[in-house]
Amino acid sequence: QVQLVESGGGLVQTGGSLRLSCAASGRTLSSSAMGWFRQAPGKERAFVAAIDWSGSTTRYNDSVKGRFTISRDNAKNTVYLQMNSLKPEDTAVYYCALRHGVGVSSWFETEYHYWGQGTQVTVSS
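Residues numbered from 1 in each chain as written. Predicted model: local features only at pLDDT ≥ 70, side-chain atom pairs only at ≥ 80, totals over all residues. Heavy atoms only, no water.

Enquirer: Which residues make up the environment of Val93, and what are the values?
Expert: Assignment of secondary structure puts Val93 in strand 9 (residues 92-99). Between the C-alpha atom of Val93 and that of Gln120, which follows or precedes it by 27 residues, the distance is 4.3 Å. Once residues lying within four places of it in the same chain are set aside, the contact partners of Val93 are Phe37, Arg38, Gln39, Gly118, Thr119 and Gln120. (Helix = DSSP H or I, 4+ residues; strand = E, 2+ residues; numbered from the N terminus. Contact = heavy atoms within 4.5 Å.)

Enquirer: I'd like a description of the sheet that holds strand 8 (residues 78-83), backed by residues and values.
Expert: Taken in spatial order, the 4 strands of this open sheet run 1-3-8-7, and their pairing is antiparallel. Edge strands, defined here as strands with exactly one partner in the open sheet, are strand 1 (3-7) and strand 7 (68-73). Taking the axes of each pair of neighbouring strands and ignoring which way they run, one obtains an average angle of 15° across the sheet. (Pairing = 2+ DSSP bridges. Axes fitted to C-alpha atoms, helices over the stretch in contact; angles between N-to-C directions.)

Enquirer: Just give me the short version of the state of the cysteines, but keep the residues and values in it.
Expert: Scanning the model with the defined rule gives 1 disulfide in all. Residue Cys22 pairs covalently with Cys96 via a disulfide, S to S 2.0 Å. Residues Cys22 and Cys96 are joined through a disulfide that is right-handed, its torsion about the S-S bond being 50°. Linking Cys22 in strand 3 (residues 18-25) with Cys96 in strand 9, this pair joins segments that are 74 residues apart in sequence. What makes Cys96 buried here is its relative accessible area of 0%. (Disulfide = S-S within 2.5 Å. Buried < 20%, exposed > 50% of the residue type's maximum accessible area, 1.4 Å probe, protein only.)

Enquirer: Describe the nonpolar core, naming the residues involved and giving the relevant values.
Expert: Ranked by internal contacts, the top residues of the largest apolar core, which has 28 residues, are Leu4, Trp36, Leu81, Met83 and Tyr94. When neighbours within four sequence positions are excluded, Met83 is seen to be in contact with Gly16, Ser17, Leu18, Leu20, Arg67, Phe68, Tyr94 and Val121. (Core = buried A, V, L, I, M, F, W, Y, C linked by side-chain atoms within 4.5 Å.)

Enquirer: Describe the packing of aromatic side chains, with residues and values.
Expert: Following the criterion strictly, the structure yields 5 aromatic pairs and no others. With 5.3 Å between their ring centres and 80° between their planes, Phe37 and Tyr112 make a pair best called edge-to-face. Placement of the pair is Phe37 in strand 4 (residues 33-39) and Tyr112 in the loop between strand 9 and strand 10 (114-115), with a sequence separation of 75 residues. Across the pair, exposure class does not vary: Phe37 and Tyr112 are buried alike. Pairing Phe37 with Trp115 gives two aromatic rings, centres 5.1 Å apart and planes at 55°, and the pair type is tilted. Of this pair, Phe37 sits in strand 4 while Trp115 sits in strand 10, and the two are 78 residues apart along the sequence. Of the residues examined, Phe37 reaches a relative accessible area of 1% and is grouped as buried. Assessed through its relative accessible area of 25%, Trp115 is described here as partly exposed. A network of ring pairs unites the aromatic residues Phe37, Phe47, Trp107, Tyr112 and Trp115 as a single cluster. (Phe/Tyr/Trp six-rings, centres within 6.5 Å; stacked < 30°, edge-to-face > 60°.)

What follows is the structure, encoded as structure tokens:
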């Protein structure tokens, strides 16, 4: 069984930065692709970014490209989402997700097998 725990969310002003972390336990991350998704109030959960098992390939939603960076440290079983130049529209609950035993990342939440509990990010205007 895999457990994912996100941290690093909080309240920040427009233009500020936050770094989210997702720590995995129960199984190493090293063979699994990881993703970040977010859900704003009244909206469906949406893809933010994803990274393959090695960290060599990343994907981003166009709305965060150039502002957010996903990375991973397999030795620490942790995936990160560095968020810069935050905007009020980035306000959401952010979830990390893992594709168990699959090294290639995906845009689609249905292709992820494990999810964290989420961490709130609020960007004030």
